Amino acid sequence: LGQLLVKGESIQQLVLGDGTHYSGMALIWDNSEMLVLPAVSDGPVTVPAGDFKVRQVAIKLGEDKPVVTAAVSKDIMIPEGGQAELVIGGPLKSSVSVGRRGNTLVFSYKLIGCGGEEYSPSQVMGYAAKPAVTVYKGDTQLASATFEYG
């Protein structure tokens, strides 16, 4: 056995393994050799030693807020009797870039975790607030709009 220290916040579930399928919400090994860690706390978690791929992470955005997930492909080696560190999860950072395609402005939104992983805003379930943008020229509002996630 070894220790996994997760340097990140708000992790509701972390999936490690070599297989392509996973299930369950508890610390388990399922038939596809996936290790599923629920709600990772501040301290290290005892896990089997070995080489793993981080497959997925789920982040709880807040008390009455939704969960967002990121499909991840990071390698991690957990040494026997030792400790590995994984930087993943919150805090999350919103990033918006704007480009031009002819006479059209194209907005690209990303939700990025502390380890550089990208969370899918299209997976935000039950979240009432939609992304919005307002364009000003000086103090004059020229346009505003709301968008669907994704």
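From a predicted model like this one, the values you see are computed outputs, not experimental measurements.

Draft legend 1. View of the sheet that holds strand β8 (residues 83–87). Pairing is mixed across the open sheet formed by 3 strands, whose spatial order is β5-β1-β8. Each edge of the sheet is formed by a strand with only one pairing partner; in this case those strands are β5 (45–47) and β8. Strand-to-strand twist in this sheet, taken as the mean axis angle between neighbours without regard to direction, amounts to 35°. As judged from the 5 bridges shared by strand β1 (residues 2–7) and β8, these two strands associate in the parallel manner. Within β8, the residue paired with L4 across the bridge is A84.

Draft legend 2. Geometry of the confidence of the model for the chain. Per-residue confidence for the chain averages 76 on the pLDDT scale, and 74% of its residues sit at or above 70. Averaged pLDDT values over the elements of the chain bottom out at 42 in strand β3 (residues 28–29) and peak at 93 in β8. Throughout residues 19–32 the model reports pLDDT below 50, and contacts reaching past four residues in sequence, or to other chains, amount to 33 contacts.

Draft legend 3. Expanded view of the pairing of strand β13 (residues 140–146). With 6 bridges connecting them, strand β12 (residues 132–137) and β13 associate as antiparallel partners. For Y136, the partnering residue across the bridge sits in β13 and is Q141. Where β12 folds back onto β13 in an antiparallel hairpin, the turn is made up of 2 residues, including G138, whose phi is positive at roughly 70°.

Draft legend 4. Seen up close, the sheet that holds strand β10 (residues 104–112). Spatially, the 3 strands line up as an open sheet ordered β9-β10-β11, and their pairing is antiparallel. A single partner strand is all that each edge strand has here, and the edge strands are β9 (93–101) and β11 (118–119). Relative to β10, β9 runs antiparallel, the two being bridged by 9 bridges. By the bridge assignment for β10, R101 is matched with T104.

Conventions and cut-offs
- Residues numbered from 1 in each chain as written.
- Predicted model: local features only at pLDDT ≥ 70, side-chain atom pairs only at ≥ 80, totals over all residues.
- Heavy atoms only, no water.
- Pairing = 2+ DSSP bridges.
- Helix = DSSP H or I, 4+ residues; strand = E, 2+ residues; numbered from the N terminus.
- Axes fitted to C-alpha atoms, helices over the stretch in contact; angles between N-to-C directions.
- pLDDT = per-residue confidence, 0-100.
- Contact = heavy atoms within 4.5 Å.

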